[in-house]
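# Architecture and fold: a report
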Amino acid sequence: MQINFGGREIALKLVYYGPALSGKTTNLRALHQLTSDQARGRLMTLETRDDRTLFFDMLPVTLRAEVPAGGMALRIKIFTVPGQVLHASTRRLVLQGADGIAFVADSQLSETEHNAASFLDLRRNLSELSLSLRSFPVVIQFNKRDLPQVRPDQELAMLAGRGREPVFKASAVTGQGVLETFFGLLHMTWTKLDAEHGLASMIGIPAAELLPMAARQLGITTDVRELLGASLGGRLDVGHGGRS
Amino acid sequence: MSAPSPEIAVEDLVLADRVRIEDLVDREGLEELCRSFVTLFGIPVRIYSVEGALLADAASEHELCAYVNTLPQGRRACAATVSGVRSQDPGAGGDVARPCFTGAAYRVMAIQYEGRRVGRLIVGPFLPSDVSGPPASLLAVDPALDAERARALLQKVPRAKADTITRIAAHLKAALDLILFSGHKAHVTSQMHLASVRESYRQLEEKTAKLQEAFDRLRELDRLKSSFLATVSHELRTPLTSIIGYSEMLSQGLAGALSPEQQEFVGTIHDKGQQLLSLILGLLDLSKLESGTMRVRMSRIGIEPVLAQVVSTLTPTARKKGVELRMVVEGTLAEVKGDPERLRQVFINLVENALKFTPQAGAVTLRARMVEDAGDGDGEGLVLLSPTRTNLEVRVEDTGIGIPARERPRVFDAFYQVDSSSTREYGGTGLGLSIVKRLVDAHAGTVRIEDNAPQGTVFVVTLPPPAPTAPPEVRSPG
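Cut-offs used in this document
Here the residue index of a chain counts from 1 through its sequence in written order. Just so you know, chain letters begin at A and ligand numbers begin at 1, following the order they were written in. In view of the model being predicted, local features appear only for residues whose pLDDT reaches at least 70, and side-chain atom pairs are presented and counted only at 80 or more, with totals across whole chains, interfaces and linings using the full set of residues. Note on conventions: DSSP H or I runs of at least 4 residues are helices, E runs of at least 2 residues are strands, and numbering of each starts at the N terminus. Once C-beta atoms are placed from the backbone, each residue is buried if 20 or more other C-beta atoms lie within 10 Å of its own, exposed if 12 or fewer, and partly exposed for counts between those two. Note on contacts: each residue gets a C-beta atom placed from the backbone, and two residues are in contact if those atoms are within 7 Å. Here the term charged refers only to Asp, Glu, Lys and Arg, the term nonpolar to Ala, Val, Leu, Ile, Met, Phe, Trp, Tyr, Cys and Pro, and the term polar to all other amino acids, Gly among them. Pairing between strands is defined by DSSP: at least two bridges between them are needed. Think of it like this: strands point away, you trace from the first strand over the helix to the second, and a clockwise trace means the crossover is right-handed. Every axis corresponds to a line fitted to the C-alpha atoms, with the helix fit spanning only the stretch in contact, and the corresponding angles, defined between N-to-C directions, vary from 0 to 180 degrees. Residues enter a nonpolar core if they are buried, belong to Ala, Val, Leu, Ile, Met, Phe, Trp, Tyr or Cys, and are joined to the set through C-beta atoms within 7 Å. Each C-beta atom gives one direction from the helix axis, and the arc is the one those directions make. The score called pLDDT rates the predictor's confidence residue by residue, from a low of 0 to a high of 100.

### Describing the overall build of chain B
Looking only at helices and strands, one finds 14 helices and 13 strands in chain B. Within chain B, the proportion of its 478 residues that are buried is 26%. Long-range contacts, defined here as pairs at least 24 residues apart, represent 67% of the contacts in chain B between residues at least 6 apart.

And the structure:
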């Protein structure tokens, strides 16, 4: 997070992490499509010729406090990392300064190991940046629910109930579960940063108002509570667990 | 950590970077873009940076403006208007109209990128559609003004409705936004590229440092091992000398006559003592070679006497085993640079080895000849190099059990034997060949193994000629 008082801005960085081809870029594309361009900018994608992310994708979202005179702006930059093993150093670079992470897993049974490997990679990279997963707002998305041969719902619900991170099911190609994941992550990140830095009063809006405001400015009509309600298990409200 | 940690953080690149039009857009291109708008709509367009610097100016002066500027007070009024427009803030709405005393007008608009103001766009002067004639402010601007002329020229100023201007400006801004986005993307890509190259470099440096450290440690360990070996061999040799000496005295009857059985036992003690001594000497040589403390005294020598000496030394052994030992010299042999003592050791070892593995009625041949060095390429510069690259080749051919091809690279390792059963059958320590290899290396030569069809092995030792003598330099005076 960066606070720029002169520019009356607060910048947040959210990162979509996950194994290669799990659908991180597709999530951003869907998010881009599902939101109005009033608050979000162009999707910046830096792709290689074979359609895979070279460095990262970035979708900027700018929320403005809806107060009469000059509230601060909350600039949220949503990044994806390149999933391929090859780009390890880039992943670490993109992770630097992240405020929250959405881990996009591939639901297909055959990808189970890749998901796990990528999660360990995330943990390793965070620890190289002197960060710990425990103190980090993280949501997990199980993407590609529309495909056959995926991890069964029952199993996910059971494991999610035991795990720490909220889990969202998604099918990013159809846009399903994308907003839920994003709002879940925004909620956790915002809750944690507000607890640590008092962001709400800095921006000048009540803490509970941020998500509805974001939804409004992004042109989303679904009730925010409904979006957050889609999460399986995990603890959506304990993003502010403090640093370990 | 010696290497710097990644300095360019992505957040610095993307999160907090201030996008500046002047950094991302080519000035001339921007000017061209503006000119194309002027060509299309006839209305001047200027682009200012957020700090107020003029970035593109595609304005051509209207005739009215040119005329007004010929009048002293007109010029003053014009300058005041222009500087007012130039410093006009587009306001919270990002779009402000600013009238001119001539009846024409300007529009000052904000250029936004990603929700931030990055510059201003000034459109005008143009004639608002509701202005029909010259206003009083124009007619009164200078006593010398020719009203009729001003009226005529005013009509020549391009006329536009407010929303037309809005549309034109929106279009220009959209085009500019796209250019800014592309520029920004390219900028971020290159920065990211740099950062990730730097990060990879840092990782590589770290790894190299670790490897270097490990390498240094291993080298130190190796040195310690060699020096330990040298010390131990030396210490072992001292008591062994006594064992050999006293058993020799015993067998010579210096301490009284021995029974045949006692004689045999003492003989065994003496033989085994000798065997142990040669093993220890071999170890000592090896450790000296490994630690680099073995002295090799190089001089120009002929190889023939060395080989002849080897043959005469080992002929009794060969005879005892019923193996024929021959020496063949093909053609005239050139001199080599070498230490005769060490070369003798090389060929003693090789011939001993060959004799050991050659069954009765077999033959061991020591063959020496000059060969042309094929070099390591496809004959590049062969015509130039081959005369200077005639090597001496000494082949030790046996008709023994042979060495399987896959074992060949390993037989020069210390203590290695093709299979341990051969140790029991043929004896030996497995040190000889590794000493040979190191000694040949010390002579800048090579040793390799070939088949001796149909049966047996050939050890081929190649020794380079003494370094070519450089031709006498032709010195030009001065």
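Here the narrative resumes.
### A short note on the interface of chain A and chain B
You'll often see interface size given as the accessible area lost when the parts meet. Taken together, the contact between chain A and chain B spans 21 residues of the former and 18 residues of the latter. Secondary-structure elements contributing two or more residues to the side of chain A that touches chain B are strand S1 (2-4), strand S2 (9-17), strand S3 (44-47), strand S4 (53-64), strand S5 (73-80) and helix H2 (88-95) of chain A. For the side of chain A that touches chain B, a count of residues per class yields nine nonpolar, eight polar and four charged.

### Describing the environment of Val123(B)
All names here are of chain B. Looking at the secondary structure, you find Val-123 in strand S5 (residues 116-128). It is 6.9 Å that separates the C-alpha atoms of Val-123 and Ile-43, two residues lying 80 residues apart in sequence. Ignoring sequence-local partners within four residues, the contact set of Val-123 consists of Ile-43, Val-45, Tyr-106, Arg-107, Ile-165, Ile-168 and Ala-169.

### Quick notes on the pairing of strand S6 (residues 100-106) of chain A
Residues and elements named next belong to chain A. Within S6, seven of the seven residues are buried, which leaves the element mostly enclosed by the surrounding structure. Burial along S6 is two-sided: Gly-100, Ala-102, Val-104 and Asp-106 and Ile-101, Phe-103 and Ala-105, pointing in opposite directions, are all buried. Direction of pairing for S2 relative to S6: parallel, over a ladder of four bridges. Of the residues in S6, the one forming a bridge with Leu-14 is Gly-100. As for the winding sense of the linkage, the β-α-β connection from S6 through helix H3 (residues 112-128) to strand S7 (residues 138-143) is right-handed.

### What about the sheet that holds strand S13 (residues 457-463) of chain B?
Residues and elements named next belong to chain B. In spatial order, the strands read S8-S10-S11-S13-S12; together these five strands make up an open sheet with mixed pairing. Each edge of the open sheet is held by one strand with a lone partner, namely strand S8 (324-329) and strand S12 (446-451). Here the strands of the sheet are splayed against their neighbours by 20° on average, with no regard to which way each runs. Note: strand S11 (residues 390-397) against S13, six bridges, orientation antiparallel. Counterpart to Glu-397 in the pairing with S13 is Val-458. With respect to the sheet, helix H11 (residues 340-357) is in contact with strand S10 (363-372), S11 and S13, its orientation differing from that of S10 by roughly 135°.

### Considerations on the pairing of strand S4 (residues 105-113) of chain B
Residues and elements named next belong to chain B. The buried count for S4 comes to eight of nine residues, which makes it a mostly enclosed element. Note that strand S3 (residues 95-99) and S4 share five bridges and pair antiparallel. Pairing of Asp-95 across the sheet is with Met-109, part of S4. Remark: five residues form the turn of the hairpin made by S3 and S4, two consecutive strands paired antiparallel; Gly-103 in that turn has positive phi of roughly 100°. As paired strands, S4 and S5 are joined by eight bridges and run antiparallel to one another. The partner of Tyr-113 across the bridge, within S5, is Arg-116. Hairpin connection between S4 and S5: a loop of two residues separates the two successive antiparallel strands, and Glu-114 in this loop has a positive phi of roughly 50°.

### Some details on unusual backbone geometry
Following Gly124(B), the chain continues to Pro125(B) via a peptide bond in cis, the omega torsion being 5°. Note on placement: Pro125(B) falls in strand S5. Positioned with a positive phi, Ser130(A) is a non-glycine residue whose angle comes to about 60°. Tracing the sequence through the fold places Ser130(A) in the loop between H3 and S7. A positive phi angle, close to 65°, is found at Lys144(A), a residue other than glycine. For Lys144(A), the position within the fold is in the loop between S7 and helix H4 (153-162). Its 22 C-beta neighbours within 10 Å are what place Lys144(A) among the buried residues.

### Observations concerning the nonpolar core
Counting 67 residues, the largest nonpolar core has Val15(A), Tyr16(A), Ile78(A), Phe79(A), Ile101(A), Ala102(A) and Phe103(A) as its most contacted members. No other element matches the nine residues that helix H5 (residues 178-197) of chain A contributes to this core. The contact partners of Phe79(A), leaving out residues within four places of it in the chain, are Lys13(A), Val15(A), Tyr16(A), Phe56(A), Asp57(A), Met58(A) and Val94(A). Core analysis: the second largest hydrophobic core is formed by 41 residues, Ile122(B), Leu153(B), Ile165(B) and Leu172(B) among them.

### Concerning helix H7 (residues 147-156) of chain B
Structural remark: α-helix, 3.6 residues per turn; residues separated by three or four positions point the same way. Residue and element names in this part refer to chain B. Buried residues of H7: Ala-150, Leu-153 and Leu-154, and no others. Looking straight down H7, one finds its buried side chains confined to an arc of 105°; they lie on one side. Within H7, the exposed residues directed more than 90 degrees away from the buried face are Glu-148 and Lys-156. The inward-facing, buried residues of H7 abut helix H4 (63-68), S5 and helix H6 (136-139).

### Some points on the confidence of the model for chain B
Residue and element names in this part refer to chain B. Here chain B averages 83 in pLDDT, while 86% of its residues score no lower than 70. Predicted confidence is poor over residues 1-11, with pLDDT under 50, and the contacts of this stretch with residues over four places away or in other chains come to 28 contacts. Note that pLDDT drops below 50 for residues 470-478; the model gives that stretch zero contacts with residues more than four away or on any other chain. With pTM at 0.64, the complex prediction returns an ipTM value of 0.72.

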